[in-house]
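For reference, the chains in residue letters:
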Amino acid sequence: GAVVSQHPSRVICKSGTSVKIECRSLDFQATTMFWYRQFPKKSLMLMATSNEGSKATYEQGVEKDKFLINHASLTLSTLTVTSAHPEDSSFYICSAPAPGLAGVGSYNEQFFGPGTRLTVL
Amino acid sequence: GENVEQHPSTLSVQEGDSAVIKCTYSDSASNYFPWYKQELGKRPQLIIDIRSNVGEKKDQRIAVTLNKTAKHFSLHITETQPEDSAVYFCAANRQAGTALIFGKGTTLSVSS
């Protein structure tokens, strides 16, 4: 249990286009999901907190109009990179805390998706 | 907000030696401290975690210690093996369900 999936795993797009990345909790509900960005040989940097039924909370320096987040249901959050540019090329990873799953992990444990490699040409 | 510092950034050891990675955090309200191992292009994999009401936790060759007063926690890997080579991240968060803040990572190389 406690599986998070992401789609697509890899995407290549042209500069100026928009790309949507999906994050799904497959066997549990997540009212909150987190989006991270990871540049090569760097750490995971929190971009935003996705909240089901309300607006996302963005970290300082992250443009909310460029990185659109929609938490459509208790199992799905989407990140849309609008008007992508080469500097947006990165590894995007989502995570979800999974409370209430006895035997799966501690309440604080978070489960990560496999990541999406975005390359903008 | 929370800030997590991690040292060293690279660590090279011989197979069988021990490896220690240290992290400090800034937010005294943080209460959960996981360690992740990440291989290239993959998701972070939880290897051990500790809560603020515990000082030490062990799982076979891996242990984590926490000093709340000093606001630092450390990962100890004993009897290292080449397959332990990877990037390791420490992280912290304040309360259940909140985002993790990550350290900058340590690249561990274990040579045989």
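Just so it is clear, the structure is predicted and the values come from calculations on it, not from any experiment.

### A closer look at the overall build of chain A
Broken down by element type, chain A carries zero helices and 11 strands. In sequence order, chain A lays out its α and β elements as β-β-β-β-β-β-β-β-β-β-β. A compact globule built from 121 residues should have a C-alpha radius of gyration of about 14 Å, and chain A, at 14 Å, falls within 12% of that. Overall, the C-alpha framework of chain A stretches about 45 × 30 × 25 Å when taken along its three principal axes.

### Here's the deal with the sheet that holds strand 8 (residues 76-81) of chain A
Residue and element names in this part refer to chain A. With antiparallel pairing, the four strands of this open sheet are ordered in space as 1-3-8-7. In this open sheet, the two strands that pair with only one neighbour each are strand 1 (4-7) and strand 7 (67-73). Each strand axis lies, on average, 15 degrees off the axis of its neighbour in the sheet, ignoring direction. Strand direction decides the pairing type here: strand 1 and strand 3 (residues 19-25), joined by four bridges, are antiparallel. Within strand 3, the position partnered with His-7 by the bridge is Glu-22.

### Comments concerning the confidence of the model for chain A
All names here are of chain A. Summary statistics for chain A give a mean pLDDT of 91 and a share of 92% for residues scoring 70 or more. Mean pLDDT across the secondary structure elements of chain A bottoms out at strand 10 (residues 110-112), with 93, and peaks at strand 11 (residues 116-120), with 98. Across residues 101-105 the pLDDT falls below 50, and counting only partners more than four positions away or on other chains, this stretch makes six contacts in the model.

### With respect to the side chain of A:His71
All names here are of chain A. In this fold, His-71 is placed in strand 7. Overall, the relative accessible area of 6% leaves His-71 in the buried class. Only 2.9 Å separates the side chain of His-71 from the backbone oxygen of Ala-30, close enough to count as a polar contact. Here Glu-52 takes part through its backbone nitrogen, which lies 3.4 Å from a polar atom of the side chain of His-71. Apart from the residues lying within four places of it in its own chain, the contact partners of His-71 are Ala-30, Thr-31, Thr-32, Met-33, Ser-50, Asn-51, Glu-52, Gly-53, Leu-76 and Ser-77.

### Some thoughts on the state of the cysteines
Tallied over the full model, the rule gives two disulfides over all chains. Shown here is the disulfide that connects A:Cys23 with A:Cys94, its sulfur atoms set 2.0 Å apart. Between A:Cys23 and A:Cys94, the S-S torsion sits near 85 degrees, and that sign places the bridge as right-handed. Of this pair, A:Cys23 sits in strand 3 while A:Cys94 is found in strand 9 (residues 90-97), placing the two residues 71 residues apart along the sequence. With relative accessibility at 0%, the residue A:Cys94 sits in the buried group. The disulfide bridge from B:Cys23 ends at B:Cys90, spanning 1.9 Å between sulfur atoms. Sign of the S-S torsion, about -95 degrees for the bond between B:Cys23 and B:Cys90, identifies this disulfide as left-handed. Highlighted residues: B:Cys23 in strand 3 (residues 19-25) and B:Cys90 in strand 9 (residues 86-92), separated in sequence by 67 residues. B:Cys90 matches B:Cys23 in its accessibility class, with the two residues each being buried.

Rules and cut-offs
Residues numbered from 1 in each chain as written. Chains lettered and ligands numbered in written order. Predicted model: local features only at pLDDT ≥ 70, side-chain atom pairs only at ≥ 80, totals over all residues. Heavy atoms only, no water. Helix = DSSP H or I, 4+ residues; strand = E, 2+ residues; numbered from the N terminus. Rg over C-alpha atoms; globule rule 2.2 N^0.38 Å. Pairing = 2+ DSSP bridges. Axes fitted to C-alpha atoms, helices over the stretch in contact; angles between N-to-C directions. pLDDT = per-residue confidence, 0-100. Contact = heavy atoms within 4.5 Å. Buried < 20%, exposed > 50% of the residue type's maximum accessible area, 1.4 Å probe, protein only. Polar contact = N/O pair within 3.5 Å; in protein donor to acceptor, adjacent residues only side chain to side chain. Disulfide = S-S within 2.5 Å.

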